[in-house]
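# Commentary on secondary and tertiary structure
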Amino acid sequence: PQAGVAQATTCGAMRFADGVLFAGDRRATAGHLISHRGMEKVVQADRFSAVAIAGAAGPALQMIKIFQLQLEHYEKMVGRDRTLEGKANSLSTMVRENLGAAMQGLAVVPIFGGYEPAESQVRLWDFDITGCRYEERDYVATGSGMLHAGTVIKVGWRSEMARDDAVRLACRAMWAAADADSATGGPDELRGIYPIVATVTAEGWSRADDDELREGVRGIAREVAAR
């Protein structure tokens, strides 16, 4: 990464019984400095899809804003939402167009997924810096803490997980990443900062509130202390 450029760090996503869940820590770093403590790395793309971002924070946030506008414009012009496949293709093109900047240390590596109402289907993709997209059946993690978060998700994931179980697993994954990776921010009770956790189901986008996440984080802390 370029020195002084804020970097978004760890995000993950997983399917559960009713849809797909996204999670991300809140820290952005610039070298060894914490540049932001409350970054929004998981965002709603439209009613039935979401994006989680890792990489250079500025280009990533700009890319997602343009992506959101594209989806909104398409819906207004055509009168219906794009398919998830079409949305993933559009995001893939945007990531590919950023390749020149990525080669200079300003890479953007998102995760995208959502619910396809016409087919009652959930789909999930991750991307590399060339814009190539990879559809994931079950779960994926990206960013500097991806190894630790991904391992926790891999061990704990079940195909028919209920929503609350998926939220708890996501909190555990972000906790593990923050515990091992200095660029990933852990829960901060003093400032009231917790991971972002959101789901996309047949009912659309929904973000878990901080009260739920606070209780989940405190439960993990009690388990860790007991060990």
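Overview of the structure. Since this is a predicted model, take the numbers as computed values, not measurements.

This part is about the layout of surface pockets. By volume, the second largest pocket amounts to about 160 Å³. As for the second largest pocket, its lining consists of D164, V167, R168, C171, R172, E212, L213, E215, G216, G219, I220 and E223. Of all the secondary-structure elements, those providing two or more residues to the lining of the second largest pocket are α5 (163–180) and α6 (210–226). Sort the elements by how many residues they give to the lining of the second largest pocket and α6 lands first, with seven residues.

All right, on to the packing of aromatic side chains then. Applying the stated criterion across every chain yields a total of four aromatic pairs. Each ring, one from F67 and one from F112, has its centre 5.7 Å from the other, and the planes form 85 degrees; the classification is edge-to-face. Of this pair, F67 sits in helix α1 (residues 57–78) while F112 sits in strand β9 (residues 111–116); the two residues are 45 residues apart in sequence, bridging distant segments of the chain. Residues F67 and F112 agree in their burial class; the two are buried. Clustering of aromatic rings is evident, with ring pairs tying together F67, F112 and W125.

This brings us to the sheet that holds strand β4 (residues 28–30). Within the open sheet, the four strands sit side by side as β5-β4-β1-β8. Their pairing is antiparallel. At either end of the open sheet lies a strand with only one pairing partner, and these are β5 (33–36) and β8 (55–56). Relative to β8, strand β1 (residues 7–8) runs antiparallel, the two being bridged by two bridges. Bridge pairing in β8 links Q7 to A56.

Turning to helix α2 (residues 84–97), a few remarks are in order. With 14 residues, α2 extends 20 Å from end C-alpha to end C-alpha; this agrees with the ideal 20 Å at 1.5 Å per step. Residues L84, G86, K87, A88, S90, L91, S92, M94 and V95 constitute the buried set of α2.

So, on to the sheet that holds strand β14 (residues 204–207). On the basis of which strands lie adjacent, the open sheet formed by five strands has the order β12-β2-β3-β13-β14 and antiparallel pairing. With one partner strand each, in any of the chains shown, β12 (139–142) and β14 form the two edges of the open sheet. Taking each pair of neighbouring strands and ignoring which way they run, the sheet shows an average axis angle of 15 degrees. Pairing of strand β2 (residues 11–16) with strand β3 (residues 19–24) involves six bridges; the strand directions are antiparallel. Its bridge partner being in β3, F16 is matched across the sheet by G19.

Cut-off values and rules
- Residues numbered from 1 in each chain as written.
- Predicted model: local features only at pLDDT ≥ 70, side-chain atom pairs only at ≥ 80, totals over all residues.
- Heavy atoms only, no water.
- 1 Å grid on protein atoms, 1.4 Å probe; cavity = no way out; pocket = protein on both sides within 12 Å on 5 of 7 lines; lining within 4 Å.
- Points joined across faces, edges and corners; volume = space filled by probe spheres on them.
- Helix = DSSP H or I, 4+ residues; strand = E, 2+ residues; numbered from the N terminus.
- Phe/Tyr/Trp six-rings, centres within 6.5 Å; stacked < 30°, edge-to-face > 60°.
- Buried < 20%, exposed > 50% of the residue type's maximum accessible area, 1.4 Å probe, protein only.
- Pairing = 2+ DSSP bridges.
- Expected span 1.5 Å × (residues − 1).
- Axes fitted to C-alpha atoms, helices over the stretch in contact; angles between N-to-C directions.

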